[in-house]
Amino acid sequence: MAQFDDETDRRRAALQAVVDPVLFHSLGELGTLREVRPRGRALEVVVAVPTDAYPEEAVLRERLASAAGADVDVVFESMGEDERVALGLRLRDFDGTSAPPSGPAQGHGGTARPNPFGQRRGGTRILAISSGKGGVGKSSVTVNLAVSLAAAGHSVGLLDADIYGFSAPRMLGVERPPMTVGRTLVPPVAHGVRVVSMGFFVDEDKAVAWRGPMLHKALEQFLVDVHWGAPEFLVVDLPPGTGDVPLSIAQQLPGAECYVVTTPQPAAQRVAQRSAALARQLRLPLRGVIENMSYWRAPDGTAYEIFGSGGGQELAEQLEVPLLARIPLETVVREGADDGRPASIAAPGGEVAAAFSALAERVEALGPARVYRSELKIG
Ligand SMILES: Nc1ncnc2c1ncn2[C@@H]1O[C@H](COP(=O)(O)OP(=O)(O)OP(=O)(O)O)[C@@H](O)[C@H]1O
Ligand SMILES: [Mg+2]
């Protein structure tokens with residue numbers, strides 16, 4: 001009998017270590033493993049979940065079974081309101097967003113809680129993807145880069161800050177909005193990426209006419225009220241061109257690194273310079289250029305440079321940053337964007353997927369940007 005109890009204890013410990021796929025913490029940290037009861041050779045496991053519509057039951061069940069090394073019969077029990085509120089607060093503790101900031105209040109319109117990405121040198125690398133103009137594939141690059149980083153084993157968040165043309169939910173095939181746990185929003189996860197978009201909160205066909213302070217506030221909420229779970233990377237899809245959003249991002253994400261997406265023709269490159277100039281003005285480090293729609297490869301293997309060539313390289317030289325990728329033009333990118341399966345997922349062995357995973361590796365290899373010290377700043 002004693003032996004049996006030991007075994008159950010060992011299994012209980014293994015189950016406590018299982019990471020909740022929705023909340024990004026172990027059941028032990030979350031305090032959501034309610035009961036473990038041996039039943040014959042199997043285990044009956046009771047787990048508390050914040051909602052009746054817990055979206056990842058199958059994944060959690062599988063993780064529990066493999067941790068226990070036994071058949072498990074998992075019973076999901078919905079939390080009561082008090083428990084949910086307490087869990088929401090615990091999630092904020094994990095993110096460091098529960099306590100009011102020390103020192104002078106930050107931000108505008110004053111959220112009392114600190115923004116988890118508000119430090120210039122935080123634990124998360126923030127990759128702001130920009131472009132001089134629309135339609136160059138900025139969102140496609142953002143989404144595929146995020147998915148490739150996740151596929152390489154990193155924890156990744158994606159903030160769709162293109163409030164005028166949000167597209168991340170569709171491109172990633174995310175249908176459910178963030179889950180509400182008390183007053184904390186838990187983002188949905190798609191292809192390993194935690195996603196938050198204005199698209200969850202407003203209708204796609206209602207143009208968002210927000211500017212200035214309201215916009216700033218909305219972005220702040222996306223940072224502060226969301227349980228991001230301290231990802232290694234936060235990839236941000238900026239609206240094209242210059243405007244209020246980059247300014248807000250620079251204030252709220254002072255550690256952001258900028259990447260510029262361009263197409264190969266010289267005209268696009270001139271436009272792309274604008275967003276590079278903006279990065280400099282906002283004092284965000286510009287890390288690299290990503291050329292998209294670089295060529296189309298015919299079935300016989302010939303590469304056709306439909307939009308010209310050399311624009312990305314030239315821009316990179318002018319800006320004195322590396323050209324990090326040349327992404328080919330391929331139907332799978334557009335199709336994948338339309339049906340929620342990014343090219344890196346839909347055609348994992350293909351040239352586009354390889355280009356994006358090479359991009360992810362190069363971004364990782366760049367390492368965090370060195371922090372500018374104001375006394376060292378030139379120009
Ligand atoms: N490498 C590629 N191959 C094929 N199609 C692509 C490629 N990159 C982007 N596209 C397609 O081009 C269109 C524009 O891409 P995307 O939406 O990513 O651009 P964007 O710069 O974010 O545009 P917007 O300014 O509207 O936000 C989309 O239909 C997308 O599927
Ligand atoms: Mg876009």
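Quick notes on the rules
- Residues numbered from 1 in each chain as written.
- Chains lettered and ligands numbered in written order.
- Predicted model: local features only at pLDDT ≥ 70, side-chain atom pairs only at ≥ 80, totals over all residues.
- Heavy atoms only, no water.
- Helix = DSSP H or I, 4+ residues; strand = E, 2+ residues; numbered from the N terminus.
- Contact = heavy atoms within 4.5 Å.
- Expected span 1.5 Å × (residues − 1).
- Buried < 20%, exposed > 50% of the residue type's maximum accessible area, 1.4 Å probe, protein only.
- Arc of directions from axis to C-beta.
- Domains from an automatic or database assignment.
- Buried area = accessible area lost by both parts, 1.4 Å probe.
- Salt bridge = Lys/Arg side-chain N within 4 Å of Asp/Glu carboxyl O.
- Polar contact = N/O pair within 3.5 Å; in protein donor to acceptor, adjacent residues only side chain to side chain.
- Nonpolar A, V, L, I, M, F, W, Y, C, P; charged D, E, K, R; others polar.
- Near = heavy atom within 4 Å.
- Areas by Shrake-Rupley, 256 points an atom, 1.4 Å probe, with all protein chains shown as cover.

Peer 1: When you look at the side chain of Ser130 in this model, what are you seeing that I'm missing?
Peer 2: Along the chain, Ser130 falls in strand 4 (residues 125-131). The residues touching Ser130, leaving out its near neighbours within four places in the chain, are Lys138, Leu238, Tyr259, Val260, Val261 and Ser275.

Peer 1: Whenever I open this one, helix 13 (residues 351-366) confuses me. Can you help?
Peer 2: For an α-helix, the turn length of 3.6 residues means that residues three or four places apart are oriented alike. For helix 13, built from 16 residues, the straight-helix expectation of 22 Å at 1.5 Å per residue is met to within 8% by its first-to-last C-alpha distance of 22 Å. Taken residue by residue, helix 13 has Val352, Ala353, Ala355, Phe356, Leu359, Ala360 and Val363 as its buried positions. With its buried residues spanning 160° around the axis, helix 13 presents them on a single face. Of the residues in helix 13, the exposed ones pointing more than 90 degrees away from the buried face are Glu361 and Ala365. Of the residues one or two after helix 13, Gly367 is the one with positive phi, at around 75°.

Peer 1: How should I be thinking about the domain arrangement of the protein in this particular structure?
Peer 2: The parts lose accessible area when they come together, and the size of an interface is often stated as this lost area. Per the domain assignment, the segments making up the protein are domain 1 (2-79) and domain 2 (125-367). Taking only C-alpha atoms into account, the centre of domain 1 sits 36 Å from that of domain 2. Both faces considered, domain 1 and domain 2 share a buried interface measuring about 720 Å² in area, 75% of it formed by carbon and sulfur atoms. For the domain 1 face of the interface with domain 2, the top three residues by lost area are Val22, Phe24 and Pro55, together amounting to 57%. Seen at the junction of domain 1 and domain 2, the total is 0 salt bridges. Where domain 1 meets domain 2, there are 1 residue pair in polar contact (both at pLDDT 80 or more). Partitioned by chemical class, the residues of the side of domain 1 that touches domain 2 number 6 nonpolar, 2 polar and no charged.

Peer 1: For this particular structure, what's the right way to read the site of ligand 1?
Peer 2: If you check the shell around ligand 1, you find 18 residues, and the closest are Gly134, Lys138, Ser139, Ser140 and Pro328. Within the side chain of Asn292, a nitrogen or oxygen atom sits 2.9 Å from a nitrogen atom of ligand 1. With respect to ligand 1, the backbone of Pro328 contributes an N or O atom lying 2.9 Å from a nitrogen atom. Within the complex, 77% of the 630 Å² of free accessible area of ligand 1 lies under protein. Going through the elements one at a time, helix 5 (138-151) and helix 11 (331-338) are the ones with two or more residues in the shell around ligand 1. Along the lines of polarity and charge, the residues of the shell around ligand 1 split into 8 nonpolar, 6 polar and 4 charged.

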